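A closer look at the structure
As a plain string of letters, each chain reads:
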Amino acid sequence: MRYNKYATMYQSYYSLLLLALKARIQQTVPEILLVEQDWRQIDNNDSTPALPWPCVLIDFTPSYFGAESELGQWGEVTIQLRLAFPPVTAPDTVSGQAIAGYEIEAKLYKALQGWQPTDQEGNVFGEPLTRLQVITEDRKDDLRVRMVYFTTTMEDTSATPVYTIKVAKLDIDVE
């Protein structure tokens, strides 16, 4: 679907997509207590980060683009969702917490698979999402992080020049 610079107040496709994803996840998976842009909030810490658990951190990597006419581009965007859970504190609860985590992940998948992003006015600006891959993040700490990847495609015409057509007036005197 086409992303056009006149369709919304935001100029960045990624801004629109982040806002749409946050709203969708918060509405459909209330078990996830924080949905935010990934600024590596759960990395490079000496202790467990002070975040509500579970949380989803969103990033867009990689994205590939191809040229169209008039400076337009088509794009394949990969959405990375880091679904993070706190450390397990009691060994006898590992299985129960693992199952609860997988159930939340399944709910997240169902909320996004085939979902088509829309802006605040309800305008569609990308193709339906498709799950690409799921990986358990290799970590040195005790956090459990599942990376769930989705893809979507879009067309960006925001750099396309806008042409105006001027109609010439013709005055003809008829006698």
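Keep in mind the model is a prediction, meaning the values are calculated, not measured.

1. Observations regarding the pattern of salt bridges
A side chain of one charge can pair with a side chain of the opposite charge when the charged atoms of the two come close. In the structure shown here, the tally under the stated rule is 11 salt bridges. Note that Lys 107 and Glu 31 form a salt bridge whose closest N and O atoms lie 2.9 Å from each other. Placement of Lys 107 in helix H2 (residues 94–112) and of Glu 31 in the loop between helix H1 (13–28) and strand S2 (34–37) is noted, with a sequence separation of 76 residues between them. Residue Arg 146 pairs with Glu 105 through a salt bridge whose shortest N-O separation is 2.7 Å. Of this pair, Arg 146 sits in strand S6 (residues 144–156) while Glu 105 sits in helix H2; the two residues are 41 residues apart in sequence, bridging distant segments of the chain. Here Arg 146 and Glu 105 have matching classes, each one buried. Counted as one network, the salt bridges with shared partners bring together Asp 38, Arg 40, Asp 43, Arg 82, Glu 137, Arg 139 and Asp 141.

2. Focus: H1
Given a rise of 1.5 Å per residue, 16 residues ought to cover 22 Å, and the 22 Å separating the end C-alpha atoms of H1 matches this to within 8%. By the burial criterion, the buried members of H1 are Tyr 13, Leu 16, Leu 17, Leu 18, Ala 20, Leu 21, Lys 22 and Ile 25. Two or three places before Tyr 14, at the start of H1, stands the capping residue Ser 12, its side-chain oxygen 3.1 Å from that residue's backbone nitrogen.

3. Quick notes on the confidence of the model for the chain
In the predicted model, the chain carries a mean pLDDT of 89, and the fraction of residues at 70 or more is 94%. By mean pLDDT, the top-scoring element of the chain is strand S5 (residues 130–136) (98), and the lowest-scoring one is strand S1 (residues 2–3) (49).

4. Topic: the packing of aromatic side chains
Throughout the structure, instances matching the rule amount to 3 aromatic pairs. Between the aromatic rings of Tyr 13 and Tyr 14, the centroid separation amounts to 5.8 Å while the plane-to-plane angle is 75°, which identifies the pairing as edge-to-face. The exposure class of Tyr 14 is partly exposed, given its relative accessible area of 28%. The interplanar angle of 80° and the centroid separation of 5.7 Å between the aromatic rings of Tyr 13 and Phe 125 together place this pair among those described as edge-to-face. Taken as a pair, Tyr 13 in helix H1 and Phe 125 in the loop between H2 and S5 lie far apart in primary sequence, 112 residues in all. For the pair formed by Tyr 13 and Phe 125, the shared burial category is buried. Connected via pairs of aromatic rings, a cluster forms that spans Tyr 13, Tyr 14, Phe 60 and Phe 125. Its guanidinium or amino end placed over the ring of Tyr 109, Arg 131 lies 3.7 Å from that ring's centre, counting from NZ or CZ.

The rules we used
Residues numbered from 1 in each chain as written. Predicted model: local features only at pLDDT ≥ 70, side-chain atom pairs only at ≥ 80, totals over all residues. Heavy atoms only, no water. Salt bridge = Lys/Arg side-chain N within 4 Å of Asp/Glu carboxyl O. Helix = DSSP H or I, 4+ residues; strand = E, 2+ residues; numbered from the N terminus. Buried < 20%, exposed > 50% of the residue type's maximum accessible area, 1.4 Å probe, protein only. Expected span 1.5 Å × (residues − 1). Polar contact = N/O pair within 3.5 Å; in protein donor to acceptor, adjacent residues only side chain to side chain. pLDDT = per-residue confidence, 0-100. Phe/Tyr/Trp six-rings, centres within 6.5 Å; stacked < 30°, edge-to-face > 60°. Lys NZ or Arg CZ within 6 Å of the ring centre and 35° of its normal.

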